[in-house]
Amino acid sequence: HITRPHLLQSANRSASMLLSSPTSRFIHLSYILASARVSTAAFYSLRTTHTFSKRFFASNIMSTNGNHILSRVTPENVSLEIKDPVDSMALEQAKAIIAEIRPNGAPKVDADKLLEVGMRLGDLKEGPIIVSAEACKAAFDGLTDVERNALVNIHDRVKIFAEAQRKAVVNMEIDIPGGKAGHTVSPCNAAGCYAPGGRYPLPSSVIMTAVTARAAGCKTVVLASPRPAPITLAAAHIAGADKFICVGGAQAIAAMAYGVGTDIPCCDVIVGPGNKWVTAAKSIVSGHCGIDMLAGPSEVLVICDDTADAEIVAADLIAQAEHDVVARAILVSTSQEMIDAIDTEVSKQLSCLPEPNQATAREAMKLSFAVKCESMEQCIAISDDIAPEHLEIQTEDSWKVAQACGNYGGLFVGKDAAEVLGDYGAGPNHTLPTGGTGRYTGGLSVFNFLRIRTWMRIDDSAASQTMVDDSIVMARLEGLEGHARAAEARSTTQTPAYKKQNSNPE
């Protein structure tokens, strides 16, 4: 059932023997692999390859294999399959993990159970779970000058952008009859930030989440990432994280949501990208705390015409595809010649991409496709239907086309505005909505950590009477007599109904 050798490189001998088992035993594979202590990266690769369905559905594909890397799809056969971002099997596994580390529904996560689960699932080899601030600083100091400068530059750009966002929303107040009303903007107290650590270390996600929480004004920032590489610890240091726990998956989300003993506080909001166990756990804890989004596989859509540079577009498609075997790279163009040229470039550039990146990207390309459109308006319509996580515009007048696009997570205008620049700290956040959710929401920002709370006060009772009278009328129209009487209690012109009844008993 599983025959792709590149997905098995980091699995141990026990797991490899199991891979020849009958298909009917696959349902038990996640538990067996976890027990055999297969690395989380290999575990995730195996599971995602066979359980995620395609969200972008294309019927009557003109060519699925042949000489094409990107399947050819006609505009009328492109549609968006709306699916639950939470994988059902991952949800059940996440529930089991959370129940294990919170025995009998304890209010907090048990530190010993968390360590046990983390070690079993390969998050860490031994305790402690919490990485000290000294260790994070040592990792930062141990970087080369080039590495340290890049990290500092990325941190500074993200910080500047996030602080500008924070300044964009302020306290306000207006006059109302007899008084004032307004809102205040204040940060939540504790933020939980997740950074993936499976296939590749992602210090950029540490920066994007923790720096943004700090710019919002959160007093406490907790970071979680499994098997943290030195560069991840270094990023935690420069981002100013207060706590770093080296666990991942559902167990990390639960640890931040419910807290761990006296060491890790309960976080008010949890943000950051992650695999489907992270997404499943977020869906479980949502309500107990806030979350940024339920994210699915990463995606990019490039709109281009015959003026695009095929080499650059191909490089951008591959950059997205190497994220994950279920990532998607979509090309929409008015030029068939450009589509063919880009496909040729993709094939050429893939052949010299190192492993395991090449194998991952090739798998992702099987879920990717190209669409030839009759007009730029049709390109924009298809893009808006898909609402991609990342939208690149590489046309003769890229800004004009960009202004006509309505649905996306992040927008990258012109051939020099590479999506990878957004990944690595041009300023805007790289944690973006996926799977069509860009139709109604945006990416991670300081606003995820802020509370806008309204208030009102009445200073002049007489001047407020028109508002009181309106409230009495509306309450009775809605059938809420108690509401009407509460308003009448503030009236200077009407006797409250309850007083009338008390003075005239029947």
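Cut-offs and rules
Residues numbered from 1 in each chain as written. Predicted model: local features only at pLDDT ≥ 70, side-chain atom pairs only at ≥ 80, totals over all residues. Heavy atoms only, no water. Helix = DSSP H or I, 4+ residues; strand = E, 2+ residues; numbered from the N terminus. Buried < 20%, exposed > 50% of the residue type's maximum accessible area, 1.4 Å probe, protein only. Contact = heavy atoms within 4.5 Å. Pairing = 2+ DSSP bridges. Right-handed = clockwise from strand over helix to strand, strands pointing away. Axes fitted to C-alpha atoms, helices over the stretch in contact; angles between N-to-C directions. Parallel < 35°, antiparallel > 145°, perpendicular 65-115°, else oblique. Left-handed = near helix turned anticlockwise from the far one by under 90°. Nonpolar A, V, L, I, M, F, W, Y, C, P; charged D, E, K, R; others polar. 1 Å grid on protein atoms, 1.4 Å probe; cavity = no way out; pocket = protein on both sides within 12 Å on 5 of 7 lines; lining within 4 Å. Points joined across faces, edges and corners; volume = space filled by probe spheres on them. pLDDT = per-residue confidence, 0-100. Core = buried A, V, L, I, M, F, W, Y, C linked by side-chain atoms within 4.5 Å. Phe/Tyr/Trp six-rings, centres within 6.5 Å; stacked < 30°, edge-to-face > 60°. Lys NZ or Arg CZ within 6 Å of the ring centre and 35° of its normal.

I keep staring at the overall build of the protein chain and nothing clicks. Help me out?
Check the secondary structure of the protein chain and you find 20 helices and 17 strands. Counting only residues that meet the buried cut, the protein chain has 51% of its 506 residues in that class. Long-range contacts, defined here as pairs at least 24 residues apart, represent 70% of the contacts in the protein chain between residues at least 6 apart.

Would you mind showing me how to read the pairing of strand E12 (residues 299-304) here?
Side chains on a regular strand alternate between the two faces of the sheet. In terms of burial, E12 is a largely internal element, six of the six residues being buried. Because side chains alternate across E12, one face comprises the buried residues Glu-299, Leu-301 and Ile-303, and the other comprises Val-300, Val-302 and Cys-304, equally buried. Relative to strand E13 (residues 328-333), E12 is paired through six bridges, and the arrangement is parallel. For Cys-304, the partnering residue across the bridge sits in E13 and is Ser-333. Read as a crossover between parallel neighbours, the route from E12 over helix H12 (residues 310-321) to E13 is right-handed. As defined by bridge partners, E12 adjoins strand E15 (residues 390-394) across five bridges and the pair is classed as parallel. Within E15, the position partnered with Leu-301 by the bridge is Leu-391.

Looking at this structure, I do not really get the packing of helix H7 (residues 145-168) against helix H9 (residues 230-239). What am I missing?
Helix packing geometry: the angle between the two helix axes and the distance between the axes. At a minimum axis distance of 11 Å, the contact between H7 and H9 shows a crossing angle of 45°. Compared by their axis directions, H7 and H9 come out oblique. As for how H7 packs across H9, the hand of that crossing is right-handed. Where H7 approaches H9, its residues Leu-151, Val-152 and His-155 are matched on the opposing element by Ile-231, Ala-234, Ala-235, Ile-238 and Ala-239. Taken together, the residues that form the contact of H7 with H9 break down as seven nonpolar, one polar and no charged.

When you look at unusual backbone geometry in this model, what are you seeing that I'm missing?
For the bond from Gly-127 to Pro-128, the omega torsion is 0°, close enough to zero to count as cis. By secondary structure assignment, the location of Pro-128 is in the loop between helix H5 (111-120) and strand E4 (130-131). For the peptide bond that leads from Glu-355 to Pro-356, omega is 5°, which places it in the cis range. Mapped onto the secondary structure, Pro-356 falls in the loop between helix H13 (336-351) and helix H14 (357-365). Positioned with a positive phi, Asn-104 is a non-glycine residue whose angle comes to about 55°. When you line up the elements, Asn-104 lands in the loop between helix H4 (88-101) and H5. Residue Asn-104 is classed as exposed on the basis of its relative accessible area, which comes to 84%. Here Ala-387, not a glycine, exhibits a phi torsion of approximately 50°, which is positive. In this fold, Ala-387 is placed in the loop between helix H15 (376-386) and E15.

Would you explain empty space enclosed by the protein in this entry?
If you roll a probe as big as a water molecule over the atoms, it shows you where there is empty space left. Applying the stated criterion across every chain yields a total of two cavities of 30 Å³ or more. Counted as a void, the second largest cavity has a volume near 50 Å³. Lining the second largest cavity are Val-158, Phe-161, Ala-162, Gln-165, Thr-212, Gly-427, Pro-428, Asn-429, Leu-444 and Ser-445. The biggest single contributor to the lining of the second largest cavity is H7, with four residues.

Looking at this structure, how should I read the confidence of the model for the protein chain?
Predicted coordinates in areas of low pLDDT are best not read in detail. The predicted model of the protein chain has a mean per-residue pLDDT of 85, with 85% of residues at 70 or higher. Taken as a whole, residues 1-55 scores under 50 in pLDDT and shows 100 contacts with residues more than four places along the chain or in a different chain. Low pLDDT, under 50, characterises residues 59-65; the stretch is placed with eleven contacts to residues that sit more than four places away or in other chains.

Teacher, can you tell me more about the nonpolar core here?
Burial of nonpolar side chains together is a common tendency in soluble globular proteins. Met-256 and Phe-449 are the most contacted members of the largest nonpolar core, which totals 76 residues. Met-256 has contacts with Gly-192, Cys-193, Tyr-194, Val-222, Ala-224, Ile-245, Pro-265, Cys-266, Cys-267 and Ile-270, leaving out every residue within four places of it along the chain. Val-300, Ala-314, Leu-350 and Ala-364 belong to the second largest nonpolar core, which has 25 residues in total.

Is there a simple way to explain the sheet that holds strand E5 (residues 172-176) in this structure?
Strands pair in a sheet through their backbones, by hydrogen bonds, and they do so in one of two ways: parallel or antiparallel. Within the open sheet, the three strands sit side by side as E5-E6-E17. Their pairing is antiparallel. The open sheet has two edge strands with one neighbour each: E5 and strand E17 (450-458). Averaged over all pairs of adjacent strands, the angle between their axes in this sheet comes to 20°, without regard to strand direction. One ladder, built from nine bridges, connects strand E6 (residues 179-187) with E17; its direction is antiparallel. By the bridge assignment for E17, Ser-186 is matched with Arg-451.

In this structure, what is going on with the packing of aromatic side chains? I would like to understand it.
The description of an aromatic ring pair rests on the distance of the ring centres and on the angle between the ring planes. For the structure on display, the rule yields zero aromatic pairs. If you follow Arg-102 out to its NZ or CZ, it ends over the ring of Tyr-258, 3.7 Å from the centre. Over the ring of Trp-277 we find Lys-276, and its NZ or CZ is 5.4 Å from the ring centre.

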